[in-house]
Amino acid sequence: MDFYDLVIKRCSIRSFERHRTIPEEVLNRILNAGRMAPSASNLQPWRLHVIRSQEILEKIYPCYKRDWIQSAPCLLIVSGDRDDAWVRRLDNYNSIETDLTIVMDHLILAATWEGLGTCWIAAFDPEIIRKALQLDSNIEIFALTPLGYATPDALTSTKKRKALEEITSYY
Ligand SMILES: Cc1cc2nc3c(=O)[nH]c(=O)nc-3n(C[C@H](O)[C@H](O)[C@H](O)COP(=O)(O)O)c2cc1C
């Protein structure tokens, strides 16, 4: 698939085929795409969590109170350690959110390329995830996406975007 087709094809999926397993090689390619993400000073301050165990899924579901998330066979969570990220001395800007955003975007685009659905989720309760995955208090739980094959009705999304003229300035 052409890159421009890929970015148009990617859309948030909120309904999945619960019992359709993701082949291991597909999952590995997606994770590897995340691993290839750039990061400030190449510090790679991230951790990718793949949740497929029903026991752990059940512990994580309460972090996001939408039933549709339970239709996905897998959840991917991106976390990171602020202390491992690059800091600009000039003004103490810390690159953690930027680095983790890029990983997440790589994962989501790779998943789309593999024919899988995702939905970037930020409106979760991080403390529920922290407890379920036994993550230390210094670890930032940045983003979550369900991962799986979309049900046919979930693929009808049309892109609502501001016009290019509205968001672009030329100098
Ligand atoms: C940072 C971020 C946080 C988001 N959080 C949520 C969320 O908590 N729940 C949800 O259903 N969608 C969430 N979304 C998905 C957006 O609603 C979606 O990307 C946007 O409406 C555009 O639609 P599209 O992804 O289908 O192109 C989030 C997206 C981003 C980038």
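Scroll up to find the structure.
Here the structure is a predicted model, which means the values were calculated and not measured.

Rules used throughout
Residues numbered from 1 in each chain as written. Predicted model: local features only at pLDDT ≥ 70, side-chain atom pairs only at ≥ 80, totals over all residues. Heavy atoms only, no water. Helix = DSSP H or I, 4+ residues; strand = E, 2+ residues; numbered from the N terminus. Buried < 20%, exposed > 50% of the residue type's maximum accessible area, 1.4 Å probe, protein only. Polar contact = N/O pair within 3.5 Å; in protein donor to acceptor, adjacent residues only side chain to side chain. Contact = heavy atoms within 4.5 Å. Pairing = 2+ DSSP bridges. Axes fitted to C-alpha atoms, helices over the stretch in contact; angles between N-to-C directions.

Chemist: Sorry, what's going on with the side chain of Ser71 here?
Modeler: With respect to the helices and strands, the residue Ser71 is situated in the loop between α3 (54–60) and β2 (74–81). Judged by its relative accessible area of 16%, Ser71 falls in the buried class. One polar contact links the side chain of Ser71 to the main-chain amide nitrogen of Phe16, over a distance of 3.0 Å. Contact partners of Ser71, with chain neighbours within four places excluded, come to Ser15, Phe16, Glu17 and Arg18.

Chemist: Honestly, the sheet that holds strand β3 (residues 117–118) in this entry has me stumped. Any pointers?
Modeler: Two strands in a sheet stick together by hydrogen bonds in their backbones, pointing the same way (parallel) or opposite ways (antiparallel). Taken together, 4 strands build an open sheet; the order of strands is β1-β2-β4-β3 and the sheet is antiparallel. Pairing within the sheet leaves two strands with one partner each, and these edge strands are β1 (46–51) and β3. Here β3 runs beside strand β4 (residues 139–148); their pairing, made up of 2 bridges, is antiparallel. Paired with Gly117 across the two strands is Gly148, which belongs to β4. Across the sheet, helix α2 (residues 24–35) touches β1, β2 and β4, and the angle it forms with β1 is around 165°. In this fold helix α5 (residues 126–133) packs onto β1, β2 and β4, with an angle of close to 85° to the strand it touches most, β4.

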